[in-house]
Amino acid sequence: MHPTLGQRLRAAREARGLSLVDAAHETRVPPQRLHHLETDNLAAFGSLTYARSFLKLYADFLEVDATDE
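Model, not experiment: these values are computed from the prediction. (Residues numbered from 1 in each chain as written. Predicted model: local features only at pLDDT ≥ 70, side-chain atom pairs only at ≥ 80, totals over all residues. Heavy atoms only, no water.)

Engineer: Would you mind showing me how to read helix H2 (residues 20–27) here?
Structural biologist: In an α-helix, one full turn covers 3.6 residues, which means residues spaced three or four apart are oriented alike. Those residues of H2 that sit buried are Leu20, Ala23, Ala24 and Thr27. Taken end-on, H2 shows its buried residues confined to a sector of 100°, consistent with a single buried face. Turned more than 90 degrees away from the buried face of H2, the exposed residues are Val21, His25 and Glu26. For H2, the elements touching its buried residues are helix H1 (5–15), helix H3 (31–38) and helix H4 (48–62). Backbone geometry just downstream of H2 places arginine 28 in the positive-phi region, at approximately 65°. (Buried < 20%, exposed > 50% of the residue type's maximum accessible area, 1.4 Å probe, protein only. Helix = DSSP H or I, 4+ residues; strand = E, 2+ residues; numbered from the N terminus. Arc of directions from axis to C-beta. Contact = heavy atoms within 4.5 Å.)

Written out as structure tokens, the structure is:
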């Protein structure tokens, strides 16, 4: 079974030695939003448009491919 996108994001963040707060500071995305991305909880954003925007920003920051496989 392949890791989910959220699991890949978390692994990339942890590999860089960053906490959620560190990543939030760098991306200017609230830590709770990053947590939602890492737990694949896109419904928490209320709008898929917002979720995609935050996801693109975070994935680019971590250099993770967020495209559909």
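Read on for the rest.
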